[in-house]
Amino acid sequence: RDPELRLGVRTDAPTVSRLATFVFFQLCVSFGFVPMSADVEAAFLQGNELQRESGELYLRQPAEGFPGLEQGQLIRVKKPIFGLAVSPRLWWKTFSKKVLKLSAQEVLGPCKGQSLTMKQSLFDPALFTCHSEDNVLRAVMAVHVDDLLIAVKDETPGLKQAILDLYPYGEL
């Protein structure tokens, strides 16, 4: 059991609700978006360094060991990893901050010259949208931990590329 839990650390992290998932797909149908799914590779390891109030965390090597390490040598955990109660929250904080800082400068089409940014939904914190200056919906994204549903208007390729460049993805 993780000793951090006794210290009252927050472990909550938003995930898209069922209703917001329905909204995502309804927006795709209504606006003619083609949705895609993406799985962020090693998501927890993409976050900031792990800082624990209870001190550093070490793990034993598996029985077969790791190349370059002596048998029995411990491994210091420097990043959030699967199995730690705080990892989903730390990932969420890193991910949402990066999405909200995203800015795509369109060079073609109806949004030429515009800087497009994502906004977090008030309805569901795991739903993000992007509107152009003329208030037309250009993108919608739903997030469940490291699994994303993404839909971007074809005429905003810069925005689509900026979203895809956020992280490495296993499946698109």
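Check the entry above for the structure.
Not measured: the values here are computed from a predicted model.

**Student:** Run through the overall build of the protein, naming residues and quoting values.
**Tutor:** Counting its secondary structure elements, the protein contains three helices and nine strands. Ordered by position from N to C terminus, the α and β elements of the protein give α-β-β-β-α-β-β-β-β-β-β-α. With the principal axes as the frame, the protein shows a C-alpha extent of 60 × 35 × 25 Å. Considering the protein as a whole, with its 172 residues, one finds that 37% of them fall into the buried category. Per element, the accessible surface of the protein, about 10400 Å² overall, is 54% carbon and sulfur. Taken together, the 19 basic and 20 acidic charged side chains of the protein have centroids lying 5 Å from each other.

**Student:** For the pattern of salt bridges, give the residues involved together with the corresponding values.
**Tutor:** All told, the structure shown has five salt bridges when counted by the stated rule. Connected via shared salt-bridge partners are Arg10, Asp12 and Arg89.

**Student:** How would you summarise helix α2 (residues 87-101) if you had to cite specific residues and measurements?
**Tutor:** One turn of the α-helix equals 3.6 residues, which is why residues spaced by three or four share an orientation. Between its terminal C-alpha atoms α2 stretches 21 Å, which fits the 21 Å expected from 15 residues at 1.5 Å a residue. Turning to α2, its buried residues number three or more, namely Ser87, Arg89, Trp91, Trp92, Thr94, Phe95, Ser96 and Val99. In the core, the buried residues of α2 are packed alongside β6 (119-120), β7 (127-131), β8 (137-144) and β9 (147-152).

**Student:** Before we move on, can you summarise the packing of aromatic side chains with the specific residues and values?
**Tutor:** Taken as a whole and judged by the stated rule, the model has eight aromatic pairs. Site record: aromatic cluster; members linked through ring pairs are Trp91, Trp92, Phe95, Phe128 and Tyr167. Between the NZ or CZ atom of Lys98 and the centre of the ring of Tyr167, over which it lies, the distance is 4.2 Å.

**Student:** How would you summarise the side chain of Ser132 if you had to cite specific residues and measurements?
**Tutor:** Residue placement: Ser132 occurs in the loop between β7 and β8. Under the relative-accessibility criterion, Ser132 is labelled buried at 5%. Polar contacts involving the side chain of Ser132 include one to the side chain of Asp134, which spans 2.2 Å. Residues within four places of Ser132 in sequence aside, it is in contact with Cys111, Gln114, Leu116 and Arg138.

**Student:** Give me the sheet that holds β9: which residues, what numbers.
**Tutor:** Think of a sheet as strands paired side by side through backbone hydrogen bonds, with each pair either parallel or antiparallel. Spatial ordering of the open sheet is given by β1-β9-β8-β7-β6, a layout of five strands whose pairing is antiparallel. Pairing within the sheet leaves two strands with one partner each, and these edge strands are β1 (36-39) and β6. With five bridges joining them, β7 and β8 adopt antiparallel strand pairing. Paired with Leu127 across the bridge in β8 is Ala142.

**Student:** I'd like a rundown of the pairing of β8, residues and numbers included.
**Tutor:** Burial runs high along β8: seven of the eight residues are buried. Linking β7 to β8, which pair antiparallel, is a turn of five residues; within it Asn135 sits at a positive phi near 65°. Across six bridges, β8 lies against β9 in antiparallel orientation. Each residue of the ladder has a partner; that of Met141, found in β9, is Ile150. Taken together, β8 and the strand that follows it, β9, pair antiparallel across an intervening segment of two residues, in which Val145 is found at a positive phi of about 55°.

**Student:** How would you sum up the environment of Ser54? Please name residues and give values.
**Tutor:** With respect to the secondary-structure elements, Ser54 resides in the loop between β1 and β2 (57-59). Its relative accessible area of 36% is what places Ser54 among the partly exposed residues. Spatially, the C-alpha atoms of Ser54 and Asp2 are 9.5 Å apart, while their sequence positions differ by 52 residues. Every residue in contact with Ser54, bar those within four places of it in the chain, is listed here: Pro3, Glu4 and Leu7.

Reading the values: rules and limits
Every chain begins its residue count from 1, and numbering advances along the sequence as written. Confidence filtering applies because this is a predicted model: local features only for residues at pLDDT of at least 70, side-chain atom pairs given and counted only at 80 or more, and all residues used for totals across whole chains, interfaces and linings. Neither water nor hydrogens contribute to the side-chain values; these are computed over all heavy atoms in the structure. Under the scheme used here, helices are H or I runs from DSSP no shorter than 4 residues and strands are E runs no shorter than 2 residues, and both carry numbers assigned from the N terminus. Accessibility here uses a 1.4 Å probe with only protein chains present; expressed as a share of the type maximum, an area under 20% marks a residue as buried, one over 50% as exposed, and anything in between as partly exposed. Each accessible area value is a Shrake-Rupley result obtained with a 1.4 Å probe; residue values ignore everything except the protein chains displayed when judging cover. Charge assignment in this entry is limited to Lys and Arg as positive and Asp and Glu as negative, and neither His nor the chain termini are counted. Here the site of a charge means atom NZ of a Lys, CZ of an Arg, CG of an Asp or CD of a Glu. Put simply, a salt bridge is a Lys or Arg side-chain nitrogen that is within 4 Å of an Asp or Glu carboxyl oxygen. Residue count minus one, scaled by 1.5 Å, sets the expected span of a helix. Contact definition: two residues touch when any of their heavy atoms are within 4.5 Å. Stacked, edge-to-face and tilted are the three classes for Phe, Tyr and Trp ring pairs, Trp counted by its six-membered ring, which pair at centre distances within 6.5 Å; planes under 30 degrees apart are stacked, over 60 edge-to-face, the rest tilted. Each ring is checked for a lysine NZ or an arginine CZ that lies within 6 Å of its centre and within 35 degrees of its normal; such an atom marks a charge sitting over the ring. In protein, a polar contact requires one atom able to donate a hydrogen and another able to accept it; more generally it is a pair of N or O atoms within 3.5 Å, and residues adjacent in sequence count only if both atoms are side-chain atoms. Note on pairing: two strands pair once DSSP finds at least 2 bridges between them.

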